[in-house]
Amino acid sequence: MLKLKKEKNKTHNFLCWAGWLPHQAKPYEGIFIKNHLEILGQLCQLRVFTVRHVKSFRFKNSASLQSFGILSIWEIPYLFPFKFLGYLLIPLIEFVKATRSKKLIGFIQYISFPYLIFAQVLKIFGLKKIILIEHWSGYTKVDNRFYRLPAWYRSLLKWSIRSCQQIFVVSEFLKHEMISACNVPDVRFTVISNVIRMPQKVEIKSLNPRSVQNFKILTIANLIDKIKNISLLISVMQTIRAQIPGVELHVVGEGPDRLFLEKLTEECNLQSQVFFHGTVENEKIQEFYFSCHVFALLSNYETFSVATAEALAHGRPVLVTRCGGPQEYVTQECGVLVNPGSKEDAVKGFLFLYDNYEKFDALSIAQYARERFSLEKIKNEFLKISF
């Protein structure tokens, strides 16, 4: 087994398939993967490739030098069978490019579905080590996407996952769900949190809702209501506005259910309390965290929730559901946990935060997040691991 080296001794070379990465159309997609790659790029030599689906019959490739290493972007047709052909051929092409001048130690796959099955073809060419870093919620029973796959596809995916020498996951919740779904030995798993970019501001001041005109609640999410349950948050707003004067809900993000949620806001007569901001550039997200009093997430399931951890990094208390990953790091010192789907719990939680807001110390919350999720913290976790 090999240990990753510090920056000056980057002798280990890895080829990496990033299942998701941020791009212009989807600036939030896979930003947690990019943050992980920033760390791995400091510890080893990386060649990363990613696949994007386009409405075209052409295969297009471009490469650029990023802070973590070479990034090769493939645009491929989204239609079957062209995309499957791409999944099969692209790893081979990238493998050839990566091994022209150096020997590969192994292959890193970010997100197993649907790509890991196709990466197995590299074993034909002598690749012995495949490492999986998983974030996909499809293995959870509440998401259920893995269980809805055809039986033959599930079998292939299980075989592919079992063939990985190491599996990294972002939460104990995801680990247990994958063990249950795929019957993988516990010893193969290592839990390493997502990396959270810490704000540059040194001092984070608490906001006292009793002394300001509005009590602002922030949520950041893809607007897919069956997952994020924004409709429940709107319903909660309808109840608490009578008890929390000047309460506002600010929704950042886009998704297929935005029109439905905006219509629901109108039906609840909340146009002056609920505001939809759409997609916000990553550089400007910080302004939303600092302007809010509380961050809220009422998801039905989450393997981690980067937005919740980011809110803590900005010193903001959170109200989140016990939906998987978040309950592993949200404590009574930094927020409130409520049951998924429970309006009553959410209402009580917001009222508790409002009445006890002075007890949540912003600097302590931010320091707690730094100790758990900072780049240096996660980097040190990777350095402890033998590859």
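Below is a summary of the structure that appears in this document.

Quick look at the overall build of the protein
- Helix and strand counts for the protein come out as 13 helices and 14 strands.
- Here the C-alpha atoms of the protein give a radius of gyration of 22 Å, agreeing with the 21 Å that 2.2 N^0.38 yields for 387 residues.
- For the protein, the spread of C-alpha atoms along the three principal axes comes to 65 × 45 × 40 Å.
- Taking all 387 residues of the protein together, the buried fraction comes to 55%.
- Across the protein, every contact between residues at least 6 apart in sequence was considered, and the portion connecting residues at least 24 apart equals 68%.
- In the form shown here, the protein has an accessible surface area of approximately 17500 Å², with 53% of it arising from carbon and sulfur atoms.
- Across the protein, the 49 positively charged side chains and the 33 negatively charged ones have centroids separated by 10 Å.

Brief notes about a nonpolar patch on the surface
- Nonpolar side chains collect at one region of the surface, where Phe57, Phe59, Tyr78, Leu79, Phe82, Leu85, Leu88, Leu89 and Ile93 lie side by side and expose about 780 Å² of accessible area between them.
- Its place among the elements puts Phe82 in helix H2 (residues 82–98).

What about the sheet that holds strand E6 (residues 130–134)?
- The 8 strands lie next to each other as E3-E4-E2-E1-E5-E6-E7-E8, forming an open sheet whose pairing is mixed. Strands with a single pairing partner mark the edges of an open sheet, and in this sheet they are strand E3 (60–66) and strand E8 (189–191). Direction aside, the axes of adjacent strands within the sheet are offset by 20° on average.
- Two strands pair when backbone bridges link them, and E6 and strand E7 (residues 166–169) are joined in this way by 4 bridges, in the parallel orientation.

What counts, and where the lines are drawn
- Residues numbered from 1 in each chain as written.
- Predicted model: local features only at pLDDT ≥ 70, side-chain atom pairs only at ≥ 80, totals over all residues.
- Heavy atoms only, no water.
- Helix = DSSP H or I, 4+ residues; strand = E, 2+ residues; numbered from the N terminus.
- Rg over C-alpha atoms; globule rule 2.2 N^0.38 Å.
- Buried < 20%, exposed > 50% of the residue type's maximum accessible area, 1.4 Å probe, protein only.
- Contact = heavy atoms within 4.5 Å.
- Areas by Shrake-Rupley, 256 points an atom, 1.4 Å probe, with all protein chains shown as cover.
- Lys, Arg positive; Asp, Glu negative; His and termini not counted.
- Charge placed at Lys NZ, Arg CZ, Asp CG, Glu CD.
- Patch = residues over 30% accessible without salt bridge, like charges linked within 9 Å, V, L, I, M, F, W, Y side chains within 5 Å.
- Salt bridge = Lys/Arg side-chain N within 4 Å of Asp/Glu carboxyl O.
- Pairing = 2+ DSSP bridges.
- Axes fitted to C-alpha atoms, helices over the stretch in contact; angles between N-to-C directions.

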